[in-house]
Amino acid sequence: MTMAKVWINVQVDLGGLRISYEDRGEGFPVLLLHGWGGRAESFRPVTDRLAQGYRVLVPDLPGFGESAPPPSTWGVGDYAKFVLEFMKHVGISRAHVIGHSFGGRIGIVLAATHPDRVARMVLVDAAGIRPRRSWKYYIRVYTFKTLRALYQRLPGKDRDKRLAQLYARFGSKDYREAGPMRAVMVRVINEDLRSFLPRIRASTLLIWGEEDRDTPVWMGKVMEKEIPDAGLVVFPGAGHFSYLDRFADFSVIVERFFKG
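Please read all numbers here as calculations on a predicted model, not as lab measurements.

So, empty space enclosed by the protein
- The final tally for this structure, using the stated rule, is 1 cavity of 30 Å³ or more.
- In terms of lining residues, the largest cavity is bounded by Val46, Arg49, Leu50, Phe247, Phe250, Ser251, Val254 and Glu255.
- By residue number, the principal contributor to the lining of the largest cavity is helix α10 (residues 247-259), which donates 5 residues.
- Here the lining of the largest cavity is built from residues that sort into 5 nonpolar, 1 polar and 2 charged.

Here we look at the pattern of salt bridges
- Following the criterion strictly, the structure yields 13 salt bridges and no others.
- Close ionic contact of Arg130 with Asp192 constitutes a salt bridge, the shortest N to O distance being 3.7 Å. Residue Arg130 is located in the loop between β6 (118-124) and α4 (135-151), and its partner Asp192 is located in the loop between α7 (182-189) and β7 (203-209); the two are separated by 62 residues in the primary sequence.
- Here Arg194 and Glu226 are joined by a salt bridge, their closest N and O atoms 2.6 Å apart. Taken together, the positions of Arg194 in the loop between α7 and β7 and Glu226 in helix α8 (residues 217-226) put the pair 32 residues apart, joining distant regions of the chain.
- Each of Glu22, Arg24, Glu41, Arg44 and Asp48 takes part in one network of salt bridges that share partners.

Some words on the confidence of the model for the protein
- Looking at the protein as a whole, its pLDDT mean stands at 86, while 76% of the residues score no less than 70.
- Every residue in residues 1-8 is under pLDDT 50, and counting partners more than four places away or in other chains gives 18 contacts.

Brief notes about unusual backbone geometry
- Here Ser101, not a glycine, exhibits a phi torsion of approximately 55 degrees, which is positive.
- With respect to the helices and strands, Ser101 occurs in the loop between β5 (95-100) and α3 (102-113).
- When its relative accessible area of 13% is taken as the criterion, Ser101 is described as buried.
- Non-glycine residue Asp125 carries a positive phi angle of around 45 degrees.
- Considering the arrangement of structural elements, one finds Asp125 in the loop between β6 and α4.
- Owing to a relative accessible area of 0%, Asp125 belongs among the buried residues under this scheme.

Points about the pairing of strand β4 (residues 55-59)
- Counted residue by residue, β4 has 5 buried out of 5 residues, so it is predominantly covered.
- Side chains of β4 alternate between two faces, with Arg55, Leu57 and Pro59 and Val56 and Val58 buried alike.
- Bridging between strand β2 (residues 17-24) and β4 involves 4 bridges; their strand directions are antiparallel. Bridged to Tyr21 within β4 is Pro59.
- Inspection of the sheet shows strand β3 (residues 29-33) paired to β4 by 3 bridges, in the parallel sense. Residue pairing across strands places Pro29 opposite Arg55, the latter belonging to β4.
- Read as a crossover between parallel neighbours, the route from β3 over helix α1 (residues 44-50) to β4 is right-handed.

Observations concerning α3
- Given a rise of 1.5 Å per residue, 12 residues ought to cover 16 Å, and the 17 Å separating the end C-alpha atoms of α3 matches this to within 8%.
- All of the buried residues in α3 are Phe102, Gly103, Gly104, Arg105, Ile106, Gly107, Ile108, Val109, Leu110, Ala111 and Ala112.
- For α3, the secondary structure elements touched by its buried residues are β3, α2 (76-90), β5, β6, α7 and α8.

Focus on the environment of Asp23
- By the element assignment, Asp23 lies in strand β2.
- For Asp23, a relative accessible area of 0% puts it in the buried group.
- Along the sequence, Asp23 and Thr47 sit 24 residues apart, while their C-alpha atoms lie 9.4 Å from each other.
- Within polar-contact distance, the side chain of Asp23 engages the side chain of Arg55 at 2.7 Å.

What to know about the nonpolar core
- By size, the foremost hydrophobic cluster in this structure holds 52 residues, and its most contacted members are Leu31, Tyr79, Ile106, Ile200 and Met223.
- Here this core takes 9 residues from α2, the largest share from any one element.
- Val46, Tyr54, Phe235 and Phe250 belong to the second-largest nonpolar core, a separate cluster that totals 22 residues.

Criteria and cut-off values
- Residues numbered from 1 in each chain as written.
- Predicted model: local features only at pLDDT ≥ 70, side-chain atom pairs only at ≥ 80, totals over all residues.
- Heavy atoms only, no water.
- 1 Å grid on protein atoms, 1.4 Å probe; cavity = no way out; pocket = protein on both sides within 12 Å on 5 of 7 lines; lining within 4 Å.
- Points joined across faces, edges and corners; volume = space filled by probe spheres on them.
- Helix = DSSP H or I, 4+ residues; strand = E, 2+ residues; numbered from the N terminus.
- Nonpolar A, V, L, I, M, F, W, Y, C, P; charged D, E, K, R; others polar.
- Salt bridge = Lys/Arg side-chain N within 4 Å of Asp/Glu carboxyl O.
- pLDDT = per-residue confidence, 0-100.
- Contact = heavy atoms within 4.5 Å.
- Buried < 20%, exposed > 50% of the residue type's maximum accessible area, 1.4 Å probe, protein only.
- Pairing = 2+ DSSP bridges.
- Right-handed = clockwise from strand over helix to strand, strands pointing away.
- Expected span 1.5 Å × (residues − 1).
- Polar contact = N/O pair within 3.5 Å; in protein donor to acceptor, adjacent residues only side chain to side chain.
- Core = buried A, V, L, I, M, F, W, Y, C linked by side-chain atoms within 4.5 Å.

The following block contains the structure:
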């Protein structure tokens, strides 16, 4: 009996970046792309399950986990290029892709721009569609930007104190905790990827939590409509981490989808 290989927290230098990733199991490759603020560990149950029949590759994306931050203000396209370099490094030319939230953004761009690299794709509570904004949102953003510009002119300690208070008052949890990744986050969330959807050739499974408040179900419905070969599964009672909230159902559906 051949033992499946288990490589945990491999660290390599990839394009000048220190990258940590997991490489588990044997078989056709499955690439897992975590959400914003996550890391390879975020997919632990999925990795353990899929590694029983596939080679599962899970990088800490640049700026997260144990991987170094990007050298500049990356956009989604830069992360997609990183994934291509990562695939080259681990010796795979094609893979199934599972992307959660921010990882879904990367999957969308990757599948649209390099269709030969993606066999089948699963987008889980994926980001990439511009949210519907009310006039209150734009007033809040304008107020934040105005105050930030004023505070940045203050002397050192006063400036830092006021800016910290400003971020605490107006910023989301992710924004407050982004630290050196804040500029990357702002760029990423302002990218509307809707125009990429019709260019995706891979069969795409969309999995959503009915109670998702970060990327609401209507976004999944847009993706289902505009990706040529897509189907949407909505889990009642599940939230933004629907793959964990309904793990057993998620696992069965994904495995059947990969088997065609």
